Amino acid sequence: MADERAPQVSMDTIVSLSKRRGFVFQGSELYGGLANTWDYGPLGTEMRRNIKDLWWQRFVHQRANIVGMDGSILLNPRVWEVSGHVSEFNDPEIDCRVCNSRFRADTLIEDRVGINADGKSVEELNALITEHEIKCPTCGNYDWTPARKFNLMFQTQIGPVDESATEVYLRPETAQSIFMQYRNIQLSSRQRIPFGVAQIGKAFRNEVTPGNFIFRLLELEQMEIEYFIDGDNWEPVFEEWLEEQQAFVRSLGISAEHLRAREHEPDELSHYSKRTVDLEYLFPFGWKELTGLAYRGDYDLRMHQEGSGTNLTYFDQANDRHFIPHVVEPTFGVDRLLLIVLIESYAEEETVDANGKASSRTVMRFVPEVAPYKVAVLPLSRKPELAGTAGEVFDKVRERYVAEYDETQNIGRRYRRQDEIGTPLCVTVDFDTLDDNAVTVRDRDTMEQVRVPISELLPTLDEQLNKMSARLLG
Ligand code: GAP
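Note that the structure is a prediction, hence the values are computed from the model and not measured. (Residues numbered from 1 in each chain as written. Predicted model: local features only at pLDDT ≥ 70, side-chain atom pairs only at ≥ 80, totals over all residues. Heavy atoms only, no water.)

S.K.: Looking at this structure, how should I read helix 6 (residues 122–131)?
M.R.: Since the α-helix packs 3.6 residues into each turn, any two residues three or four apart lie on the same face. Looking at helix 6, one finds that the buried residues are Val122, Leu125, Leu128 and Ile129. Projected down its long axis, helix 6 carries its buried residues within an arc of 120°, all on one side. In helix 6, the exposed positions that point more than 90 degrees away from the buried face belong to Glu123 and Glu131. Where helix 6 is buried, its residues touch strand 4 (90–95), helix 5 (105–113) and strand 6 (148–151). The first or second residue beyond helix 6 is Glu133, which carries a positive phi of 45°. (Buried < 20%, exposed > 50% of the residue type's maximum accessible area, 1.4 Å probe, protein only. Helix = DSSP H or I, 4+ residues; strand = E, 2+ residues; numbered from the N terminus. Arc of directions from axis to C-beta. Contact = heavy atoms within 4.5 Å.)

S.K.: So what exactly am I meant to see when it comes to the packing of helix 11 (residues 384–400) against helix 14 (residues 457–473) here?
M.R.: Packed helices, taken two at a time, are described by their axes: the angle between them and the distance between them. Where helix 11 contacts helix 14, the axes come no closer than 10 Å and their chain directions differ by 50°. By the angle between their directions, the pair helix 11 and helix 14 is classed as oblique. Read as a crossing pair, helix 11 and helix 14 show a hand that is right-handed. Across the interface between the two elements, Val393, Lys396, Val397 and Arg400 of helix 11 pack against Leu457, Leu458, Leu461 and Asp462 of helix 14. (Axes fitted to C-alpha atoms, helices over the stretch in contact; angles between N-to-C directions. Parallel < 35°, antiparallel > 145°, perpendicular 65-115°, else oblique. Left-handed = near helix turned anticlockwise from the far one by under 90°.)

S.K.: Honestly, the site of the ligand in this entry has me stumped. Any pointers?
M.R.: Neighbouring residues of the ligand: 20 residues in total, closest Glu173, Arg205, Glu224, Glu289 and Leu290. Contacts to the ligand include Glu173, whose side-chain N or O atom sits 2.6 Å from a nitrogen atom. Between the ligand and the protein, one listed contact pairs a nitrogen atom with a backbone N or O atom of Phe215 at 3.3 Å. Look at the ligand: alone it shows 560 Å² of surface, and the protein chains cover 92% of it. Those elements giving two or more residues to the shell around the ligand turn out to be strand 10 (219–229), strand 13 (286–297) and strand 16 (326–333). The biggest single contributor to the shell around the ligand is strand 13, with 5 residues. By residue class, the composition of the shell around the ligand is 6 nonpolar, 5 polar and 9 charged. (Near = heavy atom within 4 Å. Polar contact = N/O pair within 3.5 Å; in protein donor to acceptor, adjacent residues only side chain to side chain. Areas by Shrake-Rupley, 256 points an atom, 1.4 Å probe, with all protein chains shown as cover. Nonpolar A, V, L, I, M, F, W, Y, C, P; charged D, E, K, R; others polar.)

S.K.: Is there a simple way to explain the pairing of strand 10 in this structure?
M.R.: One face of the sheet, then the other: side chains in a regular strand alternate in exactly this way. Of all the 11 residues making up strand 10, 10 are buried; the element is thus mostly covered by neighbouring parts of the structure. The pairing of strand 9 (residues 195–204) with strand 10 spans 10 bridges and is classified as antiparallel. The residue bridging Lys202 from the neighbouring strand is Glu221, located in strand 10. The sheet contact formed by strand 10 and strand 16 spans 6 bridges and is antiparallel. Paired with Phe228 across the two strands is Val327, which belongs to strand 16. (Pairing = 2+ DSSP bridges.)

S.K.: So what exactly am I meant to see when it comes to the side chain of Arg296 here?
M.R.: With respect to the helices, strands and loops of the structure, Arg296 is situated in strand 13. Owing to a relative accessible area of 0%, Arg296 belongs among the buried residues under this scheme. If we skip the residues at most four places from it in the chain, Arg296 touches His85, Glu173, Ala175, Gln176, Phe179, Glu226, Tyr272, Val327 and Glu329.

Written out as structure tokens, the structure is:
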């Protein structure tokens, strides 16, 4: 059962740590930025790769009946007409006539009066804004244009603009690439139902609502599975995927108290969905969608069969029957997963050193599997005597782990930096190392240090990383 305890860290703290340490930077910062775009720095990039690799391993490599694909971002515009996105993939937007600020009408209502207005018609939204006399959050005036539908797909052209250019859309979900290739994949990989197709890739949405850092982006990355089934049997499959989604999110070190499942109301459902359950996370700005799980029925394949005139039925040999498969669709957003890992892992602590001196530290308690670096190798000083051995230790460590070498500043500061970027283990090479061929391994969370012969370093690191994962994942 989820509780109402908000994680104590503020978004400002996460944004500034992300910039200072190189997780996430504002997009186009030199030119004043571009709203709702961010760039991932060295550490954020490593973490996103880890999240995607863990997902791929779990859902593709460890399952015999899920295969991968990598589709293009530009699709034939007919895809989006037939899928219903041209007519239905809209948000209701509203403008303040005084200061020209633009908002999503449903989120404005939700933020101001706490009513879930997702899926309400523009008429209902206008009525709610009038009833509650909702004022502009920017300038405080009450003078709105009527709410109107705004299509979220980005458009561009193929070919010279001044001639007969073709208008195309950047895909707003990766799913349609899978439906386009469903038949080729099923035939070429000889999968039998039930089977899934997984894809990790970029999607684009012309979002109106301000972003809350990397929560709501114009350019996002999705990890989606279309799981093709015989429609009669969708409910247990849906429940299984809900559990699988939670298990994956928990494996990134997210506590159960900060997660809850929320069923969509009928008027909130996307045009293609018969049932949707979001997994929500308790962000510093409230409970918000983290992942989605939709039962799309046979909507997409049926529409594309009609739209393209190509037979998309599946032949069930055992029962000598042709049918259009139904789909259960678990979707994850890479950017939101990274964001919650940053929020959830953040801790500030008081510490006391061996001499009884108190100080405080910031530590990112990442599970080792998602941490950007697993190990840092730190020579105690920059003296040339240590450099050779420290370099050899680093070479040995990085054969197995993504690791960092740091010889700047005093050792205390370097430990603090590694704590703040969430490196699970630090290996220190000191002057004794030159005599005893041993190094010190320090645990990020307990700050305990053990002396280990260099010959046993790799198995010790393995063991300590496994212990840390087990401790954090309970
Ligand atoms: N194919 C189904 C689909 O796209 P969705 O609920 O619209 O469903 C799925 O999106 C997931 O993609 C969300 O749960 C979220 O993690 C992520 N997502 C959607 N819009 C986003 C945005 N503007 N910025 C960042 N992530 C987003």
